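# Analysis of the macromolecular model
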Protein chains: 2
Amino acid sequence: MTMATPAQCTPRSTAPQILDRCRELVHPALTAAIGRLHPWPGEMAAYALGWSEADGKPVGSPGKGVRQALTVLCAEAAGAPGETAIAGAVAVELIHTFTLLHDDIMDGDETRRQRETVWKAYGTGPAVLTGDALFALAVETLADSPNAHSGTAVRHLARALNDLVRGQAEDLLFEARPWTGPEAVRPEEYRSMADRKTGALLGCAAALGAVLAGAPSPTVDALARAGRHLGVAFQTVDDLLGIWGDPEATGKPVHNDLRRMKKTYPVIAALAAKGPATRSLTALLTSPHPLDDAALRHAAVLIEEAGGRSAALAEARRHVGIVLGCLDSVRLSPDAAEDIRTLLPFLVDRRM
Amino acid sequence: MTMATPAQCTPRSTAPQILDRCRELVHPALTAAIGRLHPWPGEMAAYALGWSEADGKPVGSPGKGVRQALTVLCAEAAGAPGETAIAGAVAVELIHTFTLLHDDIMDGDETRRQRETVWKAYGTGPAVLTGDALFALAVETLADSPNAHSGTAVRHLARALNDLVRGQAEDLLFEARPWTGPEAVRPEEYRSMADRKTGALLGCAAALGAVLAGAPSPTVDALARAGRHLGVAFQTVDDLLGIWGDPEATGKPVHNDLRRMKKTYPVIAALAAKGPATRSLTALLTSPHPLDDAALRHAAVLIEEAGGRSAALAEARRHVGIVLGCLDSVRLSPDAAEDIRTLLPFLVDRRM
């Protein structure tokens, strides 16, 4: 274990410190990339990234930057300096922002992180344009990287992009399906959707770190798999927050997902259970009347009583267990692997 | 000139025959690519490509396929079989379809080729999704191609994508600018926009053919330049059709561009002229009242009287002249170069 620095010799960083370090490492390149955009989509991209307000004034609350951190940490875990993977970190952060912009249009979501979404603040057409600009910029950033493995990295990114579009298509189609009966969304269909919609990009973020670090295939595969399962855990937690999260913290209206008939894991699990709460929930959700606020509150209580909340938490933790198994399955630089492990509870238990 | 087969020995193909041959060569791979999409965006993509109606029923009127033909012909011009460049031809055709889908959303265009646009037929969200799916598919198709030059090809595509998003941003912003005064759009600004919005993808189509054929840099550069100028010629002709084209042939409402304050070349040229028609046109366009159908018809007459129509035609032909110069500047396989030359008048004089 020549790469090892015993973890106990250095004081461990906290999850926010780890995210801050990675964000600071990537920030100059991300800023330079956004600076290459036409100023108009550039302004909207800065707004979407939380760098400025709609009037262009600066603001200081960027997103957590989980994806860029994963790329940096996976490069380090594969034994290279985090700097090696900066182009990959920039690309995944740009793609993540692109998906938020376009998904908010498709979902009709008007708020994100307590602010108007881009389409709401600037209009649908400009938001479509800015998403496209970020998408193109991500591909260019990675393809133009002087890293010897950038061609392989672009192939990983392209595959992830196809997966995440497919996952978004599945998620949108789920909304039109009934809550019960043979056409209802099954838990395995949910998992497949979440694996694509959220897992693909986190898996890609991890893979890009390893690929750009020149890691051997088994290491790339193990880290990519860890990233995908982290993504599914992440999506399941998002589902929990969509029902029981504090709107102050999530920045989205309460019960938004339920109102939209979104087939999220807690509901699917609650409806798949047996017992009086499941029967009451089924009757409530399949009633011909649209659900008002009181009915939505009641639905949330019934989902919890039917075990949907604990099942989703267990599902998220099961995927975190798989992530840990992946990290243990290959030889990694222990400091970076420990940083990834430190992030897991922070990401999965956030605001619960 | 060892590559030469004297053109007079073989009967020359007509432009429609050349386009048909290229389309048939590319079609199986394009169909296979669309088949890899999720069935829902796949159905919308087939509709956008003119392969089927909104109810899924087959229809037989695909687009001309200019971009795919250019890729195939430029590979042949560089001395390789057209088959070498099929992945490039598929990629540019997918990207072209993606831009039509998203541009129609941004421009609010409800009809294209006598049919409802995708957002009008299926909804804005699904149209955004399908555009994204085509974009991702294009990058994946090219990145996964076994061609030894696919990495270089992806870099060309990424650069073109950034250019065309920038061109679309400029075109949208032009709409909000006044017809006259210091803020008016200048002819050179128009050219720069058209070079990006339309030239970038045609330049990329040509470059990809040459790159995938393994052509040396000067050949790639000359063909890319030819493609870009063909694109500007193409855009200028589109502008002419947007004012004087037969709506039956263009599939768009008459005077659509004028109504939307689109800063097209004939209007810019007419306003830059001097004389009574220019003065009347200026007064009409800057009047505070929205233009009704009669005023739009009158504006079209004044643009023609002020020389806007002939200036735009001359501009299109000037760019075709540059295309011909580019083709003559490097050594090309004469049959393929002749095919490209055969296409030029067909593309530029269409429906005028």
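Just so it is clear, the structure is predicted and the values come from calculations on it, not from any experiment.

### Describing the overall build of chain A
A tally of regular secondary structure across chain A gives 16 helices and two strands. Within chain A, buried positions represent 59% of all 352 residues. Contacts spanning at least 24 positions in sequence make up 76% of the contacts within chain A whose residues lie at least 6 apart. Total accessible area on chain A is roughly 13,600 Å²; 56% of this is exposed by carbon and sulfur atoms. A distance of 4 Å separates the average location of the 36 positive side-chain charges in chain A from that of its 41 negative side-chain charges.

### Some words on unusual backbone geometry
At Gln114(A), a position not held by glycine, the phi torsion is positive, near 60°. Tracing the backbone shows Gln114(A) in the loop between β1 (111–112) and β2 (115–116). The residue Arg113(B) is not glycine, and still its phi comes out positive at about 50°. Along the chain, the position of Arg113(B) falls in the loop between β1 (111–112) and β2 (115–116). Residue Arg113(B) is classed as partly exposed on the basis of its relative accessible area, which comes to 36%.

### Some words on the relation of the copies chain B and chain A
With an RMSD of 0.0 Å, the fit of chain B onto chain A corresponds to turning through 180° and sliding 0.0 Å along the axis. The operation mapping one copy onto its partner corresponds to a two-fold rotation axis. Within chain B, the C-alpha atom positioned nearest to the axis of rotation is that of Gly151(B), 2.9 Å from it. Most of the interface of chain B is mirrored in chain A: 100% of its interface residues are interface residues there too.

What counts and how
Residues numbered from 1 in each chain as written. Chains lettered and ligands numbered in written order. Predicted model: local features only at pLDDT ≥ 70, side-chain atom pairs only at ≥ 80, totals over all residues. Heavy atoms only, no water. Helix = DSSP H or I, 4+ residues; strand = E, 2+ residues; numbered from the N terminus. Buried < 20%, exposed > 50% of the residue type's maximum accessible area, 1.4 Å probe, protein only. Contact = heavy atoms within 4.5 Å. Areas by Shrake-Rupley, 256 points an atom, 1.4 Å probe, with all protein chains shown as cover. Lys, Arg positive; Asp, Glu negative; His and termini not counted. Charge placed at Lys NZ, Arg CZ, Asp CG, Glu CD. Least-squares fit on C-alpha atoms with pLDDT ≥ 70 in both.

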